[in-house]
Structure formats: C-alpha cells, structure tokens
Amino acid sequence: IPVDPFDYVVFGATGDLSQRKLIPALYYRFYDGQFDTNSRIIGVSRTEMSDEEFQKFARDAVTEFVDADHIEQQMLDDFIGCFSYIANDVTDREGWAELSDSLRNDPEVVRAFYLAVAPFLFAPICDYLSSQNYWTPDARVVLEKPLGRDLQSSIEINDTVAEVFREDQVYRIDHYLGKETVQNLLALRFANALFEPIWNSAHIDHIQITAAESVGAGGRSYYEKSGALRDMVQNHLLQLLCLVAMEPPASDEANALRDEKLKVLRALKRIEGDDVHKNTVRGQYRGVSSEDTKVPGYLEELGEGATSNTETFVAIKAEVENWRWNGVPFYMRTGKRMARRASEIVIQFREIPHSIFSRTQGAPTPNQLVIRLQPDEGVKLFLMIKDPGPGGMRLRQVPLNLSFADTFTQRTPEAYERLLMDVVRGNQTLFMRRDELEAAWAWIDPIREAWDTDATPLHGYTAGTWGPTSSVALIERDGRTWHEEL
Ligand code: BG6
C-alpha cells in the first residue's frame, strides 16, 4: 500500500547505519512501489559533499547491500533522484545551513527527522529544528539507540526531545520489533486459539531467549563503552521478553500494546545485591589461534596492550512477578563471537501429569515450541508421536516444522523497511514509548551497578563457542539445559 509523499531528513546520513540499513531499506520500499519520486530523502552530515556525491554514496549502498536481482537500472536512477544533501556541523550553531529550501511546506507531505547520530547531538538538533520553524505539529522524529547509558541519562535524552516534540511525534527505534518473525509472535499468540489457554505457569516450565551472533565487536569504541547488557539486553532481549510475557492487548493499537509491554517491564523482579552474582553471567571472548583458524579476541581487536572490563556475552535468569508467570524463569543470553548466528525463543512446556507408557516404550519428553527469529526463520512445535512400525508402541519426539523459506515465496523484508514506512504512516506500534524505555533501564541499572562495583567475574570464553561455562551452570543449576538445536 503506497504511503503519503514524504521529506525524510536523515541526520548522520553518511554513517554506517544509513549505508547498510536505511538506504537499502528505502530502496526496497521504492522498488515495491510504496513510494515514488514525489518523496525526498535529505541527507545531513558533517562531511562536505555535493548532492551528486551523496547520490553516489546512496547508489553504492544499494549496489552493495541490496540483492542483485532487485536492482534495476531505471528504478535505481529514479530512486537516487530522491536524494539530496546538506553539509552541517550540528554542534556549530552559527554554521547551520538552511534546510528550508529542501523541505516542502505542504500539509500533504509527511515530514520526518531521522536522528542517526550520537544522543549528545539530539539537543542541538531539536533546538535548531524548533528555532528555525522546521517543527510542525505533524512532524515526526526518529531516534536511534543508544538512548542512554542508564536511567538518568535516558531521562535527560527524553526530556531534551520532549522540549520540542510531543510523545506522539517520537519514534524510538528498536529494530528487533521490525523483524518479521518478531511481529509474528503477535500473530502466533493472538491469532490462534491454541496457545493462549496454556500460556502460563500451569503449563509452561520456563522460557529461553537467545540472540547469538557469530561476528565480533570489531574494536568499535561504541561497543567498548556499551557492552552486551546495554547493547542487546536493555532493548532487544527485553522487548522479546515483553512480547512473550504480556497479557493480550485489547487491540493492536500502539498504546494498547505498549501498555501491556510496560506492565511486564514493571513486573520484572529486580536483580540486585547477591542475586546479581547468582542470576547473571558476563563474559568476554578470547581469540583462537590454531593452524586452520585464527580469530582475534576482544582485547586484540581493541589494540595492542588493551585492557577492558566490557562484556561481550550476558546470560540472565529473570522472573516476571505476576499471576501468569509465577515461578517461571526467563533465561536470556546474548553474545558476540558465538558458535553461530542464531536467535530464537523457546517455550518449554511442563511434563505430562501421568504417563500411561512403560519405561521401555520411552519417557514422553515435554513439548517445546521453538520460535526461530533468524536465520532460517520458522516455528517448530516438538510433539511426541508413536514411532511408525509393527514393533509395538515406541515413543519418539518429532517437530511440526513451519519453515518460512519453504512456506512463503516472498522475500522476508528487513526490519528497517517496515519501521521507516511506519513512521510515514504515523504508526507507533513497533516503537518504544518513553515509559517503556525508562522501565527497561530501571531494571538494568542495578545489574550494571553491581557489575561495576562488586566482583561479578568477567569470564573468558573461546570465540566460536556458546559462551562461558558458567552460563551453562546458570541454567543447569535449576535442572534445565539450553536448547541445543541452534
Ligand atoms: C544492534 C547492536 O542493535 O543489533 C549490534 O548494536 C548487533 O551490536 C545488532 O550486532 C544485531 O542485530 P541483528 O538484526 O543482526 O540481530
């Protein structure tokens, strides 16, 4: 469905995010006819560049990051025609260039400011937008992470933005919410009658959420200051937990959904004091150097002689203290340089109350629902069946397997495609509201503080493994194991 024409002003337009994600995502939406040459993308960044140079940057980004079979020359030329550029050092108020020639004063044209810059630049940008009358009651502002380092700094960021933009104009990106398979959680839970009656502590033993990456941190200074807890848990993993744990919202209206997610965040049991040591594990990858494999460790990537207390792996046992989830642990883990890139949610159901089968026939293994977020998107429901054959009753566990690749022919869109267009449509459902963000930080802060002050060890783990052994101990201590099929 085509969206209204727009003027998208992208601050930080020559950065990595813009090159790898935003421009390719916009191209796919253009390719599918969701917008046309009536829309404009105005890049703003410090680098001096002409329109033509920025257009070349955008063209290169498409060529490099869009599937070749989606690139058509005429289409690409038309798309690139939407791009223009303004060089601006946003910290230098005097030197601000004019955006007014690029922005259209037409109520039919949606105006969006995308802030793909460090948060300390949000204040000068917002200030500038309002002082120059670029703000309109219907303009939207899109904020990229990191949205703070802790609760206090996130409040400051939100306050700064709130001086200019109303909450219903603010779109805080958590790109996990734009992933097809993450949205599919909503369909799975709330468009099927099957799961909801058993989606509670009476039937579910525990839940696992894993977001494993095979890539390293690559010596990025942002990562060194952030670490896995801030980079992945505070946002992506907690959002996944919310979608799994929340009560059914009354509708799919943005605030109905966000109210339910907020309740989950507020019901998360605070992990503090001794519990931090007991319920969290932090690790940092070490390099591998053998004849056939050579992978640098985190410290080596930072540079010779570097020291660092930054975690590249986190495992946490969390609990949601409410009626539905009483006593059901949520085990979360995420890390860089793990054995494989694999993100999934595992719903582990309880054992059957009584088995009518003898031990020789096999013990029924509890059912398991595995929601595979990426790659190989799909859903597997592990069931017990009779092993076929004349040899009598033998039980066997098999998956009912829904593979997206086998079931659907269409390409799975990238998260940013959906999110960028939702901004134009004015749909905030898949964006974090201020109170959600702050509730997430409020839960993360005591963990972070305990790590900073006490001796929660930073375990080394070998690159290409599933993290430190203490992560295995975290779950095995409770008589459970991490799902292995990853
Ligand atoms: C980002 C993190 O938010 O998510 C990165 O800053 C991480 O460190 C990335 O690599 C993972 O996203 P995806 O979509 O590849 O799972």
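Source: prediction; values computed, not measured.

**A word on the packing of helix α6 (residues 180–190) against helix α7 (residues 221–245)**
Then step 1. Following both chains from N to C, one finds α6 and α7 inclined at 10°, their axes separated by 10 Å at the closest point. If you check the angle between α6 and α7, you find them roughly parallel. Counting all contacts with α6, which are made through V182, L185, L186 and R189, the residues of α7 involved are L240, L243, V244 and A245.
Then step 2. Among the residues forming the contact of α6 with α7, the class breakdown is seven nonpolar, no polar and one charged.

**Here we look at helix α8 (residues 254–267)**
Then step 1. Helix length check: α8 (14 residues) gives 20 Å between terminal C-alpha atoms against 20 Å at 1.5 Å per residue, within 8%.
Then step 2. Within α8, ten of the 14 residues are buried, which leaves the element mostly enclosed by the surrounding structure.
Then step 3. Of all the positions in α8, only A254, A256, L257, R258, E260, K261, L262, V264, L265 and A267 are classed as buried.
Then step 4. Packed against the buried residues of α8 are α6, α7, β11 (313–319) and α13 (434–453).

**Some remarks on the sheet that holds strand β5 (residues 140–143)**
Then step 1. Pairing is parallel across the open sheet formed by six strands, whose spatial order is β3-β2-β1-β4-β5-β6. Every interior strand has two partners, whereas the edge strands, β3 (83–87) and β6 (170–172), have only one. With strand direction ignored, the average angle separating the axes of adjacent strands in the sheet is 20°.
Then step 2. Relative to strand β2 (residues 40–45), strand β1 (residues 6–11) runs parallel, the two sharing five bridges. Bridging across to β2, Y8 finds its partner in I41.
Then step 3. Where helix α12 (residues 415–425) meets the sheet, it contacts β1, β4 (110–115), β5 and β6, and its direction lies at approximately 120° from that of β1.

**What to know about the UniProt feature "binding site: NADP(+)" (unreviewed entry) in the protein**
Then step 1. Per the UniProt record, "binding site: NADP(+)" (unreviewed entry) is found at R46, D89, V90 and K145.
Then step 2. Looking at the secondary structure, you find R46 in the loop between β2 and α2 (51–65).
Then step 3. If we skip the residues at most four places from it in the chain, R46 touches Y85, A87, N88 and D89.
Then step 4. Residue position: K145 is located in the loop between β5 and α5 (151–162).
Then step 5. According to the relative accessible area criterion, K145 is partly exposed, its value standing at 25%.
Then step 6. Aside from chain neighbours lying at most four places away, what touches K145 is Y222, D231, N235 and H236.
Then step 7. Within the structure, the side chain of K145 is placed 2.9 Å from the backbone oxygen of D231, a separation counted as a polar contact.

**A short note on the sheet that holds strand β12 (residues 329–335)**
Then step 1. What the nine strands build is an open sheet, ordered β16-β15-β14-β13-β7-β12-β11-β8-β17; its pairing is mixed. Pairing within the sheet leaves two strands with one partner each, and these edge strands are β16 (395–403) and β17 (458–462). Sheet twist, expressed as the average angle between the axes of neighbouring strands with direction ignored, equals 20°.
Then step 2. Summarising the sheet, strand β8 (residues 280–286) and β17 pair through five bridges and their orientation is parallel. Each residue of the ladder has a partner; that of R286, found in β17, is T462.

**Things to note about the pattern of salt bridges**
Then step 1. According to the stated counting rule, one finds 36 salt bridges in the structure shown.
Then step 2. For E414, the salt bridge goes to K21, with nearest N and O atoms at 4.0 Å. Residue E414 is found in the loop between α11 (404–407) and α12, and its partner K21 is found in helix α1 (residues 16–31); the two are separated by 393 residues along the sequence.
Then step 3. Since its relative accessible area comes to 41%, E414 is described here as partly exposed.
Then step 4. Here K21 falls in the partly exposed class, since its relative accessible area comes to 36%.
Then step 5. Salt-bridge contacts for R372 lead to E344; the nearest nitrogen and oxygen are separated by 3.7 Å. Taken together, the positions of R372 in strand β14 (residues 368–374) and E344 in strand β13 (residues 342–349) put the pair 28 residues apart, joining distant regions of the chain.

Basis of the calculations
Counting starts from 1 at the beginning of each chain's written sequence and moves along it residue by residue. Local features in a predicted model are, by the rule used here, given only for residues with pLDDT of at least 70; side-chain atom pairs are given and counted only at 80 or more, and totals for whole chains, interfaces and linings are based on all residues. Calculation of side-chain values draws on the structure's entire complement of heavy atoms; hydrogens and water are dropped beforehand. In this analysis, axes come from line fits to C-alpha atoms, helices being fitted only over the stretch in contact, and the angle between any two N-to-C directions falls in the range 0 to 180 degrees. Comment: elements are numbered from the N terminus, with helices defined as DSSP H or I runs of at least four residues and strands as E runs of at least two. To sort the angles, those under 35 degrees are grouped as roughly parallel, those over 145 as roughly antiparallel, those from 65 to 115 as roughly perpendicular, and the leftovers as oblique. Pairs of residues are marked as contacts when any of their non-hydrogen atoms sit within 4.5 Å. Gly falls in the polar group here, along with every residue not listed as nonpolar (Ala, Val, Leu, Ile, Met, Phe, Trp, Tyr, Cys, Pro) or charged (Asp, Glu, Lys, Arg). For a helix, the expected span equals 1.5 Å multiplied by the residue count minus one. Exposed residues in this analysis have more than 50% of their type's maximum accessible area, buried residues have under 20%, and partly exposed residues fall in between, with area computed by a 1.4 Å probe over protein chains only. A pair of strands is considered paired only if DSSP assigns at least 2 bridges between the two. UniProt positions are given in the numbering used here, feature names are shortened, and annotations may be inferred rather than shown by experiment. We call two N or O atoms a polar contact when they sit within 3.5 Å, provided that within protein one can donate a hydrogen and the other can accept it, with sequence-adjacent residues counted only if both atoms are side-chain atoms. Throughout this description, the term salt bridge denotes a Lys or Arg side-chain nitrogen within 4 Å of a carboxyl oxygen of Asp or Glu.

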